[in-house]
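Tertiary structure, described
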Amino acid sequence: MSDLIRHRGIVENIDGSCVQIRIVQTSACAGCNARIHCTSADSKEKLVEVCMRDSSSYHVGDSVCVVGEWSMGLKAVSLAFVFPFLILLATLSILVSMECGELVSALVSLTLLIPYYYILWLNRRRICRIFSFSVEPLSKTDRV
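Criteria and thresholds
Residues numbered from 1 in each chain as written. Predicted model: local features only at pLDDT ≥ 70, side-chain atom pairs only at ≥ 80, totals over all residues. Heavy atoms only, no water. Core = buried A, V, L, I, M, F, W, Y, C linked by side-chain atoms within 4.5 Å. Buried < 20%, exposed > 50% of the residue type's maximum accessible area, 1.4 Å probe, protein only. Helix = DSSP H or I, 4+ residues; strand = E, 2+ residues; numbered from the N terminus. Contact = heavy atoms within 4.5 Å. Phe/Tyr/Trp six-rings, centres within 6.5 Å; stacked < 30°, edge-to-face > 60°. Lys NZ or Arg CZ within 6 Å of the ring centre and 35° of its normal. Axes fitted to C-alpha atoms, helices over the stretch in contact; angles between N-to-C directions. Parallel < 35°, antiparallel > 145°, perpendicular 65-115°, else oblique. Left-handed = near helix turned anticlockwise from the far one by under 90°. Pairing = 2+ DSSP bridges. Nonpolar A, V, L, I, M, F, W, Y, C, P; charged D, E, K, R; others polar.

Comments concerning the nonpolar core
Counting residues in each nonpolar core, the largest one holds 11 residues, listed as Val11, Val19, Ile21, Ile23, Val48, Val50, Met52, Tyr58, Val64, Val66 and Val135. Residue assignment for this core shows that the elements contributing at least two residues are strand S2 (18-26), strand S3 (43-51) and strand S4 (63-69). Looking at this core element by element, the count peaks at 3 residues for S2. The contacts of Val64, once residues within four sequence positions are left out, are His7, Arg8, Gly9, Val11, Ile21, Tyr58, Val135, Glu136, Pro137 and Leu138.

Quick look at the packing of aromatic side chains
Summed over the entire model, instances satisfying the criterion amount to 2 aromatic pairs. Taking 5.2 Å as the distance between ring centres and 75 degrees as the angle between the ring planes, the aromatic pair formed by Tyr116 and Tyr117 counts as edge-to-face. Classification of Tyr116 as buried rests on a relative accessible area of 15%. Note on Tyr118 and Trp121: the rings are 5.9 Å apart at their centroids and 25 degrees apart in plane angle, and the pair reads as stacked. With Tyr118 and Trp121 both in helix H3 (residues 113-122) and 3 residues apart, the pair spans about one turn of that helix. According to the relative accessible area criterion, Tyr118 is partly exposed, its value standing at 47%. The lysine or arginine in question, Arg124, covers the ring of Trp121, its NZ or CZ lying 4.2 Å from the ring centre.

Overview of the packing of helix H1 (residues 70-97) against H3
Between H1 and H3, the shortest axis-to-axis distance is 10 Å and the interhelical angle comes to 150 degrees. Here H1 lies roughly antiparallel to H3, going by the angle between them. Note on packing geometry: the crossing formed by H1 with H3 is right-handed. Of the residues in H3, those in contact with Ser78, Leu79, Ala80, Phe83, Pro84, Ile87 and Leu88 of H1 are Leu113, Tyr116, Tyr117 and Leu120.

Quick look at the pairing of S4
Look at any regular strand and the pattern is simple: side chains alternate between the two faces of the sheet. Counting buried positions over the 7 residues of S4 gives 5, a clear majority of the element. In terms of strand pairing, strand S1 (residues 4-15) meets S4 through 7 bridges, oriented antiparallel. Within the sheet, the bridge partner assigned to Arg8 lies in S4 and is Cys65. Note that S4 and strand S5 (residues 134-137) share 4 bridges and pair antiparallel. In the strand pairing of S5, Val66 is matched with Val135.

A short note on unusual backbone geometry
In this model, Glu99 sits at a positive phi of 55 degrees, which is unusual for a non-glycine residue. Within the secondary structure, Glu99 sits in the loop between H1 and helix H2 (102-111).

Quick word on the packing of H1 against H2
Packing of H1 against H2 brings their axes to within 9 Å, and their N-to-C directions diverge by 150 degrees. In this view, H1 runs roughly antiparallel relative to H2, as classed from their interaxial angle. Pair H1 / H2 crosses with right-handed handedness. Touching Leu88, Thr91, Leu92, Leu95 and Val96 of H1 are Ser105, Ala106, Val108, Ser109 and Leu110, all from H2. Among the residues forming the contact of H1 with H2, the class breakdown is 7 nonpolar, 3 polar and no charged.

Written as structure tokens, this is what we have:
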């Protein structure tokens, strides 16, 4: 298994050293020929901003490949889902064992997620440095 995640995209905007790239994120079955007749096919367009030292070699409309490490995906899942689940589970377990009542325990547990996500939002610049992507130009043979 490769340790890189690659998505093909098109350069949408260049602002100084940052390049915005539009990628189409598809589910596994969205590339299937039967997707027209199937209701589970899913695809979304996303804008990814990649900051680099030399963005002068790219132009709006260029086809590129956005590359990220597999470990970045694991970190993102951990920050977005695993840690909040652990906070929820630990708080709920502690409060139920203290006999605070199930409704109060559930509400307090859910309420504790608000500061967690707020702290993530406050640290978004620092988190952006952790999740850095790179860009590779697509050769004419790769543009299928």
